[in-house]
Amino acid sequence: MPPRQEADRIRGPRVRGVDFSEVGPVRTCIGCRSRALTSQLLRFVAVGAGDDFLLQPDPGRRLPGRGAHLHPDPACFAQAERRRAFGRALRLTGVADTGLLAEHIRAVTPPGKTDDEASEPRHDPAR
Ligand SMILES: [Zn+2]
């Protein structure tokens with residue numbers, strides 16, 4: 001028996017599991033708090049500091065400063081807002097202006113998407 005087949009058998013079962021470490025860096029979404037690849041998350045940074053700061057979407061992940069990550073998903077956005085996770089993630093105590101970020105998420109979200117769909121990760125088609 002050729003040894004290559006054995007290697008394939010060992011490798012097979014792991015393909016279905018999501019091993020993020022092999023694909024890229026992973027961050028925690030501040031909304032649903034699940035871990036995801038940075039490529040699936042929207043990075044944003046705080047502009048300004050103190051009592052008032054603006055959340056600036058950074059889809060290209062190029063802006064300097066402390067950033068946080070969120071799924072570009074209204075459900076995650078709502079959760080983060082409810083828990084005041086923005087300020088905490090960015091270590092800021094002021095009031096976050098979420099307007100720009102909310103607008104960005106609305107723009108990238110297909111219409112008709114519900115909260116239920118958003119909070120249910122579909123990685124198991126057998127269910
Ligand atoms: Zn999320």
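Attention here is on the structure that accompanies the text. Since this is a predicted model, take the numbers as computed values, not measurements.

### Some points on the overall build of the protein
Point 1. The secondary structure content of the protein amounts to five helices and six strands.
Point 2. Its helices and strands in sequence order give the protein the pattern α-β-β-β-β-β-α-α-β-α-α, from N to C terminus.
Point 3. Looking at the 127 residues of the protein, the share that counts as buried comes to 28%.
Point 4. Considering only contacts in the protein between residues 6 or more positions apart, those separated by 24 or more positions represent 56%.
Point 5. As displayed, the protein has an accessible area near 9200 Å², and 50% of this comes from carbon and sulfur atoms.

### A look at the pairing of strand β3 (residues 42-47)
Point 1. Note that β3 and strand β5 (residues 67-70) share four bridges and pair antiparallel. Paired with Phe44 across the strands is Ala68, a residue of β5.
Point 2. Direction of pairing for β3 relative to strand β4 (residues 52-57): antiparallel, over a ladder of four bridges. Across the sheet, residue Phe44 finds its bridge partner in β4, namely Pro57.

### Quick word on the sheet that holds strand β6 (residues 95-97)
Point 1. Judged by pairing direction, the sheet is mixed, and its four strands sit side by side in the order β5-β3-β4-β6 without closing on themselves. In this open sheet, the two edge strands, each paired with only one partner strand, are β5 and β6. Pairwise comparison of adjacent strand axes, ignoring direction, gives a mean angle of 35 degrees for this sheet.
Point 2. Across the face of the sheet, helix α4 (residues 99-108) comes into contact with β3, β4, β5 and β6 while running at roughly 20 degrees to β4.

### Re the coordination of the zinc ion
Point 1. In the first shell of the zinc ion, the protein supplies Cys29 (SG), Cys32 (SG), His71 (ND1) and Cys76 (SG), at 2.0 to 2.3 Å from the metal.
Point 2. The site at the zinc ion holds four donor atoms, and with the angles between them running 104 to 114 degrees, its shape is tetrahedral.
Point 3. One chain supplies every donor for the zinc ion, spaced along it as C-x2-C-x38-H-x4-C. Judged on exposure class, the residue His71 and its partner Cys76 are both buried.

Parameters at a glance
Residues numbered from 1 in each chain as written. Predicted model: local features only at pLDDT ≥ 70, side-chain atom pairs only at ≥ 80, totals over all residues. Heavy atoms only, no water. Helix = DSSP H or I, 4+ residues; strand = E, 2+ residues; numbered from the N terminus. Buried < 20%, exposed > 50% of the residue type's maximum accessible area, 1.4 Å probe, protein only. Contact = heavy atoms within 4.5 Å. Areas by Shrake-Rupley, 256 points an atom, 1.4 Å probe, with all protein chains shown as cover. Pairing = 2+ DSSP bridges. Axes fitted to C-alpha atoms, helices over the stretch in contact; angles between N-to-C directions. Donors = N, O, S within 2.8 Å, 3.2 Å for Na, K, Ca; no water. Tetrahedral: all angles 85-135°; square planar, octahedral: opposite > 155°, others 65-115°.

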